[in-house]
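This is what each chain is made of:
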Amino acid sequence: YYVLYNFEATAEVAENETYLASKSTFKLYVIEGDGTLQNAYTVADVLYFYGKVTDKVWVKGTICGSLSKTNELTTDPAAVQPSNLAIGNEETFLPVQLSSKTAPRENLNLLDNPEMLGQTVWVYGNIEKYFSMPGLKSVTDFSFDGVTGSFSFDDTHTPIKSVLVVTLVDGVQGDAVAVSPDVD
């Protein structure tokens with residue numbers, strides 16, 4: 001599994017003649033997915049990489065519903081839309097565009113395939129704004145096993161692995177900095 005790990009470190013300095021007492025907390029997020037089919041991004045990875053990745057990527061998630069005409073996450077058969085699905089869970093999900101006359105739409109949309117609710121799926125598309133939030137658009141492929149997709153593509157995607165450092169000073173979030181270590 002590819003998980004967004006969350007580590008927290010706190011440093012505290014006692015007051016002395018030169019400095020006032022201070023305390024800082026840092027949150028570290030380690031992202032392990034690289035956007036390939038075999039090592040797909042998670043929903044949490046996509047939320048981090050939104051606006052940073054322009055190539056098409058693979059994202060793995062559990063189908064948790066569809067966004068209704070009122071932009072609400074729903075599993076109600078009367079409200080699901082064939083043009084999209086959501087992967088993730090009720091608290092953190094990613095809207096996924098299902099364009100008309102494509103294999104992903106024919107096979108994944110909940111209106112025609114209600115049995116897909118709760119299924120794990122890998123989808124291949126662009127990380128873009130969708131329903132006014134980070135989402136996956138221009139989806140052209142999908143997989144049910146994370147090994148084979150429906151189609152073949154050139155591997156032009158450059159994987160990105162990063163650590164996100166967020167500073168908290170006295171409980172207030174400061175700057176967030178992405179660090180991309182050189183790891184073989």
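Residues numbered from 1 in each chain as written. Predicted model: local features only at pLDDT ≥ 70, side-chain atom pairs only at ≥ 80, totals over all residues. Heavy atoms only, no water.

## Considerations on the packing of aromatic side chains
- Under the criterion given, the structure shown has five aromatic pairs.
- Arranged with centres 5.0 Å apart and planes meeting at 40°, the rings of W58 and Y124 form a pair that is tilted. Taken as a pair, W58 in strand 3 (residues 57-67) and Y124 in strand 7 (residues 120-130) lie far apart in primary sequence, 66 residues in all.
- By relative accessible area, W58 is classed as buried at 8%. (Phe/Tyr/Trp six-rings, centres within 6.5 Å; stacked < 30°, edge-to-face > 60°. Helix = DSSP H or I, 4+ residues; strand = E, 2+ residues; numbered from the N terminus. Buried < 20%, exposed > 50% of the residue type's maximum accessible area, 1.4 Å probe, protein only.)

## Structural notes on the environment of S68
- Topologically, S68 is positioned in the loop between strand 3 and strand 4 (73-74).
- We classify S68 as buried; its relative accessible area is 8%.
- On a C-alpha basis, the gap between S68 and A79 in space is 5.6 Å, while along the polypeptide they are 11 residues apart.
- When neighbours within four sequence positions are excluded, S68 is seen to be in contact with T74, A79, Q81 and F131. (Contact = heavy atoms within 4.5 Å.)

## Structural notes on the pairing of strand 5 (residues 84-88)
- Within strand 5, five of the five residues are buried, leaving the element largely enclosed by the surrounding structure.
- The alternating pattern of strand 5 places N84, A86 and G88 on one face and L85 and I87 on the opposite face, and all of these are buried.
- Alignment of strand 3 against strand 5, held across two bridges, turns out to be antiparallel. Across the sheet, the residue bridging to G65 is A86, located in strand 5.
- The hairpin turn running from strand 5 into strand 6 (residues 93-97), its antiparallel successor, is four residues long. (Pairing = 2+ DSSP bridges.)

## So, unusual backbone geometry
- Phi at S132 takes a positive value of approximately 60°, unusual for a residue other than glycine.
- Note that S132 resides in the loop between strand 7 and strand 8 (133-143).
- Judged by its relative accessible area of 69%, S132 falls in the exposed class.
- With phi around 55°, S138 is a residue other than glycine that occupies positive phi space.
- Note that S138 resides in strand 8.

## Regarding the pairing of strand 8
- When strand 7 meets strand 8, the two strands line up antiparallel, connected through eight bridges. Across the sheet, the residue bridging to Y130 is M133, located in strand 8.
- Hairpin geometry of strand 7 and strand 8 is characterised by an intervening segment of two residues between the two adjacent antiparallel strands and by a positive phi of about 55° at F131.

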